[in-house]
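# Per-entry structural report
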Amino acid sequence: MTKITGHRGARNLWPENGLTGFRNVLALGVDAVEFDVHLTDAGELIVIHDATLDRTTEGTGPVRALSPETRKTTKLKGSDDTIPTLADVLAVLAPSGKDLHIEIKIDENGKAYPGIVEKVVEEATRFGVTERSHLTSFDTSILEGCRKVAPQVARLVSVNKDWADRQGGLAAFLDKVDGLVDIVAIHHELMQAEWDLITARLPLERLCVWTLNEEALIRPWLERGIGHLTSDSPDLALRLRAEITEHV
């Protein structure tokens, strides 16, 4: 049965990467929760998608420049939530037993944050979630760092057509990540276009399709039995999965 992952919590239902969303998405019954981690110059691991504050918060400027004091008072747009730390998020998610997809982000200049992998692994270990976590990235060098620092923690790589083209095509990209990752998460348009190539290389349980938010997109992938499906609207994905399962 396809595992349903709530993307950035469930950003079509609640402000993305906020504690309210993380608490509520657990109540929906998702199998996994995905979220994003940056590292500030002050040494805080904070959960936010973009490398800048502007789109998702009431603040502005690069994430890395955020002080702990300012973070505690900077609200997410449309919410009374403030920007959470990784520890804040893990405190909510760890007791749930759900799988965690922890995306390690890059800074506003497209560079990896020095030491972020070690810090993320340290927090995941402290909260006892390493055995049900995937460390994720588009950047294979970050994932290679994850393997070096924490070979026992599973890894997931994300790819879309643009990113695959930069790597010399999807076949070359799959060669590059062979043996490096446990799950390959592929944008739905690329997955559809290259289905035969992909399924000749990888079993369904190692494939994740993203990010699907409409019934017309979600249903066919559930019917195919894809291993993992990521959605901003996991409530819809869960309902459709239940309908399909009932009629099997």
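Not measured: the values here are computed from a predicted model.

What counts and how
- Residues numbered from 1 in each chain as written.
- Predicted model: local features only at pLDDT ≥ 70, side-chain atom pairs only at ≥ 80, totals over all residues.
- Heavy atoms only, no water.
- Helix = DSSP H or I, 4+ residues; strand = E, 2+ residues; numbered from the N terminus.
- Contact = heavy atoms within 4.5 Å.
- Areas by Shrake-Rupley, 256 points an atom, 1.4 Å probe, with all protein chains shown as cover.
- Lys, Arg positive; Asp, Glu negative; His and termini not counted.
- Charge placed at Lys NZ, Arg CZ, Asp CG, Glu CD.
- Core = buried A, V, L, I, M, F, W, Y, C linked by side-chain atoms within 4.5 Å.
- Buried < 20%, exposed > 50% of the residue type's maximum accessible area, 1.4 Å probe, protein only.
- Pairing = 2+ DSSP bridges.
- Phe/Tyr/Trp six-rings, centres within 6.5 Å; stacked < 30°, edge-to-face > 60°.
- Axes fitted to C-alpha atoms, helices over the stretch in contact; angles between N-to-C directions.
- Parallel < 35°, antiparallel > 145°, perpendicular 65-115°, else oblique.
- Left-handed = near helix turned anticlockwise from the far one by under 90°.
- Nonpolar A, V, L, I, M, F, W, Y, C, P; charged D, E, K, R; others polar.
- UniProt positions renumbered as here; feature names shortened; annotations may be inferred.
- Arc of directions from axis to C-beta.
- Salt bridge = Lys/Arg side-chain N within 4 Å of Asp/Glu carboxyl O.

## Considering the overall build of the chain
The secondary structure content of the chain amounts to 11 helices and nine strands. Summarising its shape, the C-alpha atoms of the chain cover approximately 50 × 40 × 30 Å along the three principal directions. A separation threshold of at least 6 residues defines the contact pool for the chain, and within that pool the share at least 24 residues apart is 58%. When the accessible surface of the chain is split by element, carbon and sulfur atoms take 48% of a total near 10900 Å². Counting 28 positive and 39 negative side-chain charges, the chain places the centres of these two groups 2 Å from one another.

## Thoughts on the nonpolar core
Counting 64 residues, the largest nonpolar core has Phe 22, Phe 35, Leu 93, Val 120, Val 184, Met 191 and Leu 229 as the members making the most contacts within it. Within the second largest apolar cluster, seven residues are counted, among which are Ile 48, Leu 53, Val 63 and Leu 66.

## Re the pairing of strand β8 (residues 207–210)
Side chains of β8 alternate between two faces, with Leu 207 and Val 209 and Cys 208 and Trp 210 buried alike. Note: strand β7 (residues 183–187) against β8, four bridges, orientation parallel. Within β8, the position partnered with Val 184 by the bridge is Leu 207.

## Considering the packing of aromatic side chains
Counting across every chain of the model gives three aromatic pairs. Centre to centre, the rings of Phe 138 and Trp 210 are 5.9 Å apart; their planes meet at 90°, and the pair counts as edge-to-face. Of the two residues, Phe 138 is situated in the loop between β5 (133–137) and α5 (140–149) and Trp 210 in strand β8; the sequence distance between them amounts to 72 residues. Classification of Phe 138 as partly exposed rests on a relative accessible area of 27%. Consider the rings of Trp 195 and Trp 221, whose centres lie 5.4 Å apart with planes at 65°: the pair is edge-to-face. Here Trp 195, found in helix α9 (residues 195–201), pairs with Trp 221, found in helix α10 (residues 215–224); they are 26 residues apart in sequence, far enough to count as distant.

## Here we look at the side chain of His 101
Among the structural elements, His 101 can be located in strand β4 (residues 99–104). If we ignore the near neighbours within four places in the chain, the residues touching His 101 are Thr 5, Ala 32, Val 33, Glu 34, Phe 35, His 134, Thr 136 and Leu 156.

## So, the packing of helix α3 (residues 86–93) against helix α4 (residues 116–126)
Two elements in contact, α3 and α4, have axes separated by 10 Å at closest approach and are oriented at 30°. If you check the angle between α3 and α4, you find them roughly parallel. Where α3 crosses over α4, the handedness of that crossing is right-handed. For the pair α3 and α4, contact is made by Leu 86, Ala 87 and Leu 90 and by Val 120, Glu 123, Ala 124 and Arg 126, respectively. Per-class residue counts for the contact of α3 with α4 are five nonpolar, no polar and two charged.

## A closer look at the UniProt feature "domain: GP-PDE" (unreviewed entry) in the chain
UniProt annotation of "domain: GP-PDE" (unreviewed entry) refers to residues 2–241 when read in the numbering used here. End C-alpha to end C-alpha, residues 2–241 measures 8 Å, and it is 37% helix and 19% strand.

## Considerations on α4
By the burial criterion, the buried members of α4 are Ile 116, Val 117, Val 120, Val 121, Glu 123 and Ala 124. End-on, the buried residues of α4 take up no more than an arc of 165°, which puts them together on one face. Exposed residues pointing more than 90 degrees away from the buried face of α4 are listed as Glu 122 and Arg 126. Packing partners of the buried residues in α4 comprise β2 (32–39), β3 (45–47), α3, β4, β5 and α5. Looking one or two residues past α4, Gly 128 carries a phi angle of roughly 70°, positive in sign.

## So, the pattern of salt bridges
Applying the stated criterion across every chain, the model contains 19 salt bridges. One salt bridge in this structure joins Arg 11 and Glu 16, with 3.3 Å as the shortest N-O distance. A relative accessible area of 10% means that Glu 16 is categorised as buried. Salt-bridge contacts for Asp 31 lead to Arg 241; the nearest nitrogen and oxygen are separated by 2.7 Å. A residue pair is termed long-range when its members are at least 10 positions apart, and Asp 31 in the loop between α1 (19–28) and β2 and Arg 241 in helix α11 (residues 234–246) qualify at 210 residues. Looking at Asp 31, the relative accessible area reads 23%, which means it is partly exposed. Put simply, Arg 8, Arg 11, Glu 16, Asp 50, Arg 55 and Asp 232 are held in one network by salt bridges that share partners.

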